[in-house]
Protein chains: 2
Amino acid sequence: VVVTPFSGAVLGVDWGTTNRRVFRIEGSTVTTTERDPLGVTGIARNGYPAEVAAIRARFGDLPMLLAGMVGSNIGWRSVPYVAAPLGMAALAGGLSWIDERTAIVPGVSIATVGRADVMRGEEVQVLGAVAAGLVPPDALVCQPGTHCKWVTLAGGEILDFTTAMTGELFALLRAHGLLSPQLDAEVTAGSAFREGVDAGKARDLAASLFGIRAAKLLGRRDDADAASYLSGLLIGSDVTARLTRPGDVYILADPALGELYAIALAENGRTAHVVDSHAAFVAGIVAIGKLIA
Amino acid sequence: VVVTPFSGAVLGVDWGTTNRRVFRIEGSTVTTTERDPLGVTGIARNGYPAEVAAIRARFGDLPMLLAGMVGSNIGWRSVPYVAAPLGMAALAGGLSWIDERTAIVPGVSIATVGRADVMRGEEVQVLGAVAAGLVPPDALVCQPGTHCKWVTLAGGEILDFTTAMTGELFALLRAHGLLSPQLDAEVTAGSAFREGVDAGKARDLAASLFGIRAAKLLGRRDDADAASYLSGLLIGSDVTARLTRPGDVYILADPALGELYAIALAENGRTAHVVDSHAAFVAGIVAIGKLIA
């Protein structure tokens, strides 16, 4: 029996565009985890060996799996996408090895006649959630965020997925343009959010957005509610467009954003289950570790 | 017979947010017109009397009708909206008089249970187009721009209208965010624009937008075509959402933008007629002038 580096404790890094989170995992248990703002946009192209050494100095001199934008053309190295449909074995087979105990997980692509889509990092969460029994092998999974992923699982594999720029549109509209001065308030999961979800069912975003301005000018809605309404409108449009098949929806998210999507799904007649996205990521790293151990 | 100031030559000013256009009109003919970047955002609240005097010094010491954002809370004075449905007489009745030969045309509002919308300036164009026979009295009228207006005319009156933030979304996405670096090229009315229009039929904007990124990453579309595709997507979504009634569509626009909307309408099975928006505005000023003369 060859004992490989990945048969014991490992480090898993969810390395995104603006943040990263490091997990030290022993067995299937997280013993230490830490988030910092050193996403790939904060690291020089040749800075990764030193970053990885620094992570090992802090979290333990252990084998390491890196996932997310670290494997993109703005990260450490551009790791080719693996085409869907795919399961955990194909993901492990596509690892890009830096050295014998350091590897980057590939992203996933869809490239059919009518559609093109990509993900990097979410594949570890969603297949990890299946491996850990947090999500059934046949399900619709929602991963909210700047670029919200909607994944159709079939037989435990990623069959298809769609990315919606929902979070980015919210951020753009809040920071720039006509509506920006109305959108200072915090988003809350109240009646304004639900009104927005309801408006989102019309899937007429450009007109519904101007309605936010008109509602202010005509005294219809207080600006304290405008951000919540906008959030509901964008999440509601996203949800309404995605429900082409029946069944429950599994949301991999932090609790606050997960709750907003769960409400929007309920308003569209769906039952939603919020699953902790960190637990799903860790389960994915553990599952890949087992496949290469 | 009382001879009023408005029985002879008049000045009409289309005074928008970032630009204004002055027309000197004799009878129904424009003898001089000029556009400059002195929209209301470029003029201090107390600067309007001097601006109006300067216009008269350049174009003639004539009675003057002002329309557009000059009548808003960021303009000279906030002129109350007149509620639709309304025709030219109600518009003339809602004039806000600065002095006996200077008046601001009111904007129009919709405020029913389910909908709130406003316009300022477009009402002069659309009712002017009807008055001049450029548009039939029962028609769907499209006024493209930063905030595209779609007006349902019935019996020569504005029955209903919807504003879509189509142009503003294009500008926001071009200037900020993930897609911005892909969107430098000029928009052209070619196959990429038509592909975008086709994608817009799905009315799934947030997902179609991310598709622009994915198409680049997977080598599906050159960035030279991305801006045209985005324009098609946004205009196509707008058009598709608006075609709830059969019939031809009348576009009040400058020729370039009018052509893009005409193509999108044709791709959705509609015949479009492009009408010069300056001629429509002038006809509106002439018609109001007659009503108050």
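Residues numbered from 1 in each chain as written. Chains lettered and ligands numbered in written order. Predicted model: local features only at pLDDT ≥ 70, side-chain atom pairs only at ≥ 80, totals over all residues. Heavy atoms only, no water.

> What should I look at first to understand unusual backbone geometry in this one?
Leave glycine aside and you will find that most residues have negative phi; peptide bonds, for their part, are mostly trans. Residue and element names in this part refer to chain A. The omega torsion across alanine 84 and proline 85 is 0 degrees, close enough to zero to call that bond cis. Mapped onto the elements, proline 85 comes out in the loop between strand 5 (82-83) and helix 2 (88-93). We note that arginine 203 has phi near 50 degrees; this positive angle belongs to a residue other than glycine. Within the secondary structure, arginine 203 is located in the loop between helix 5 (191-200) and helix 6 (205-217). Overall, arginine 203 belongs to the partly exposed group, its relative accessible area being 26%. (Helix = DSSP H or I, 4+ residues; strand = E, 2+ residues; numbered from the N terminus. Buried < 20%, exposed > 50% of the residue type's maximum accessible area, 1.4 Å probe, protein only.)

> Just to check I follow, could you spell out the packing of helix 7 (residues 226-242) of chain A against helix 8 (residues 255-267) of chain A for this structure?
Any two packed helices are characterised by how steeply their axes cross, that is the angle between the axes, and by the distance between the axes. Residues and elements named next belong to chain A. Where helix 7 contacts helix 8, the two axes come as close as 9 Å, and the packing angle between them is 60 degrees. As summarised for this structure, helix 7 and helix 8 are arranged oblique, according to the angle between their axes. Helix-helix and strand crossings are classified by hand; for helix 7 and helix 8 the assignment is right-handed. Contacts from Ser231, Ile235, Asp238 and Val239 of helix 7 reach helix 8 at Leu260, Tyr261, Ala264 and Leu265. (Axes fitted to C-alpha atoms, helices over the stretch in contact; angles between N-to-C directions. Parallel < 35°, antiparallel > 145°, perpendicular 65-115°, else oblique. Left-handed = near helix turned anticlockwise from the far one by under 90°. Contact = heavy atoms within 4.5 Å.)

> So what exactly am I meant to see when it comes to the side chain of Thr152(B) here?
Residue and element names in this part refer to chain B. Take threonine 152: it is sitting in strand 11 (residues 148-154). For threonine 152, a relative accessible area of 15% puts it in the buried group. Non-local contacts of threonine 152, meaning those with residues more than four positions away in its chain, are made with Ala139, Leu140, Glu157, Ile158, Leu159, Asp160 and Arg245.

> Looking at this structure, how should I read the relation of the copies chain A and chain B?
The operation relating the two chain copies consists of a rotation about an axis and a shift along that axis. For the pair chain A and chain B, the best superposition has an RMSD of 0.0 Å and corresponds to a rotation of 180 degrees with a translation of 0.0 Å parallel to the axis. One copy is carried onto the other by what is essentially a two-fold rotation axis. When C-alpha positions in chain A are compared against the rotation axis, the closest is assigned to Arg203(A), at 3.0 Å. (Least-squares fit on C-alpha atoms with pLDDT ≥ 70 in both.)

> Which parts of the structure should I look at to understand helix 3 (residues 122-131) of chain A?
Note that an α-helix has 3.6 residues per turn; residues three or four places apart therefore point the same way. Burial analysis of helix 3 of chain A places 9 of its 10 residues in the buried class, which makes it a mostly covered element. Positive phi shows up at Gly133(A), right after helix 3 of chain A, with a value of about 75 degrees.

> For this particular structure, what's the right way to read the environment of Glu51(B)?
Residues and elements named next belong to chain B. Structurally, glutamate 51 is set in helix 1 (residues 48-59). Its relative accessible area of 18% is what places glutamate 51 among the buried residues. Counting along the chain gives 200 residues from glutamate 51 to isoleucine 251, while the straight-line C-alpha distance between them is 31 Å. Among residues more than four places away in sequence, those in contact with glutamate 51 are Trp15, Arg20, Leu38 and Ile43.

> So what exactly am I meant to see when it comes to the pairing of strand 13 (residues 249-253) of chain B here?
Two faces make up the sheet, and in a regular strand the side chains alternate between them. All names here are of chain B. Of all 5 residues in strand 13, 5 are buried, a share of seventy percent or more. Residues Val249, Ile251 and Ala253 of strand 13 are buried on one face, and the alternating residues Tyr250 and Leu252, pointing to the opposite face, are buried as well. Bridging between strand 10 (residues 139-143) and strand 13 involves 3 bridges; their strand directions are parallel. Looking at strand 13, one finds that valine 141 is bridged to tyrosine 250. In the sheet, strand 13 pairs with strand 14 (residues 272-276) via 5 bridges, with the strands oriented parallel. From the neighbouring strand, leucine 252 faces strand 14, where its bridge partner is valine 275. Regarding the hand of the β-α-β motif, the stretch spanning strand 13, helix 8 (residues 255-267) and strand 14 is right-handed. (Pairing = 2+ DSSP bridges. Right-handed = clockwise from strand over helix to strand, strands pointing away.)

> When you look at the nonpolar core in this model, what are you seeing that I'm missing?
The nonpolar side chains of a soluble globular protein tend to be buried with one another. Grouped together as the largest cluster of nonpolar side chains are 48 residues, with contacts concentrated most on Leu173(A), Leu209(A), Leu230(A), Leu173(B), Leu209(B) and Leu230(B). Counting only elements with at least two residues in this core, the list comes to strand 9 (116-119), helix 4 (166-175), helix 6 and helix 7 of chain A together with strand 9 (116-119), helix 4 (166-175), helix 6 (205-217) and helix 7 (226-242) of chain B. Ignoring sequence-local partners within four residues, the contact set of Leu230(A) consists of Phe170(A), Leu173(A), Leu183(A), Leu209(A) and Ile212(A). (Core = buried A, V, L, I, M, F, W, Y, C linked by side-chain atoms within 4.5 Å.)

> What am I meant to see in the sheet that holds strand 8 (residues 108-111) of chain B here?
Adjacent strands of a sheet pair through backbone hydrogen bonds, lying either parallel or antiparallel. Residues and elements named next belong to chain B. Sheet architecture is open: 3 strands sit in the order 5-8-9, paired in mixed fashion. With one partner strand each, in any of the chains shown, strand 5 (82-83) and strand 9 form the two edges of the open sheet. Alignment of strand 8 against strand 9, held across 4 bridges, turns out to be antiparallel. Looking across to strand 9, one finds that valine 108 is bridged to methionine 119.

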